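For reference, the chains in residue letters:
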Amino acid sequence: MGFLDVILGRTKPVRPDLDQLFALPSAAVTLKAAAGLDPTGLGSVCFASVEGEAFDGVRQDVRELLDADTGRGGVPVEFSRDAYGYTWLLARQAPEDTAALVNDLHAVNTLLQEGGFGPQLLCSLMSFHDARQRSLGLVYLYKRGTFYPFAPVRGEGERRDHELEIQVRALLEDDLRIEGDLSRWFPVWGAPGL
């Protein structure tokens, strides 16, 4: 960082630390024990849509890597595009195998980053639910290197369960690097797997 950056208040962006994803299994144990939130076995990666032969190659590599996993029971990796034009990849594992799901998410992110698409990575998400059918996503922001909880309220349009989000933040402060700026807790309405 240069002298002018300090004077103008500019900060150096945090380099994405994909290894932060490996903290999710311990966070899942904390959520189950303290809040009754169980992992669903679903996780997704969101990135800005890109086209071209290079991306098609990476996409095929991702599909081959994750579809080859025999523990998946033949369920293919699903790609979709949301209303904002972002591409989502949905990965599935057995709900109790959060480590395998995290490995899948990490592998996808690593392939995209090594393929030159690191700047297009936006977030990864691992989903949970409880006996009352409340949904929760733990969202990892690449450009911030932090996590935040996102809890949409089912059947009520675009409404969030802020109380649950704040409760989860307090529960996971020792497990995850939680995003301190609440204005960066972006809603991910309709995220696959949530």
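Up top you'll find the structure we're talking about.
Read on for an overview of the structure. Note that the structure is predicted; figures quoted are calculated from it, not measured.

Analysis parameters
- Residues numbered from 1 in each chain as written.
- Predicted model: local features only at pLDDT ≥ 70, side-chain atom pairs only at ≥ 80, totals over all residues.
- Heavy atoms only, no water.
- Helix = DSSP H or I, 4+ residues; strand = E, 2+ residues; numbered from the N terminus.
- Buried < 20%, exposed > 50% of the residue type's maximum accessible area, 1.4 Å probe, protein only.
- Contact = heavy atoms within 4.5 Å.
- Areas by Shrake-Rupley, 256 points an atom, 1.4 Å probe, with all protein chains shown as cover.
- Axes fitted to C-alpha atoms, helices over the stretch in contact; angles between N-to-C directions.
- Parallel < 35°, antiparallel > 145°, perpendicular 65-115°, else oblique.
- Left-handed = near helix turned anticlockwise from the far one by under 90°.
- Nonpolar A, V, L, I, M, F, W, Y, C, P; charged D, E, K, R; others polar.

1. As for the overall build of the chain
Helix and strand counts for the chain stand at five helices and six strands. Ordering the α and β elements of the chain from the N terminus gives α-α-β-α-β-β-α-β-β-β-α. Considering the chain as a whole, with its 194 residues, one finds that 44% of them fall into the buried category. Across the chain, every contact between residues at least 6 apart in sequence was considered, and the portion connecting residues at least 24 apart equals 65%. Surface exposure of the chain reaches about 10,000 Å², of which carbon and sulfur atoms provide 53%.

2. Quick look at the packing of helix 2 (residues 24-35) against helix 4 (residues 98-117)
One can describe the packing of helix 2 onto helix 4 by two numbers: an axis separation of 9 Å at closest approach and a directional angle of 140°. Taken together, the axis directions place helix 2 and helix 4 in an arrangement best described as oblique. Considering the relative orientation of helix 2 and helix 4, their crossing is right-handed. Across the interface between the two elements, L24, P25 and A28 from helix 2 touch T98, A99 and V102 from helix 4. Within the contact of helix 2 with helix 4, the residues separate by chemical class into five nonpolar, one polar and no charged.

3. A closer look at the environment of R81
Along the chain, R81 falls in strand 2 (residues 78-81). With relative accessibility at 52%, the residue R81 sits in the exposed group. For the pair formed by R81 and A191, sequence separation is 110 residues and the distance between their alpha carbons is 9.8 Å.

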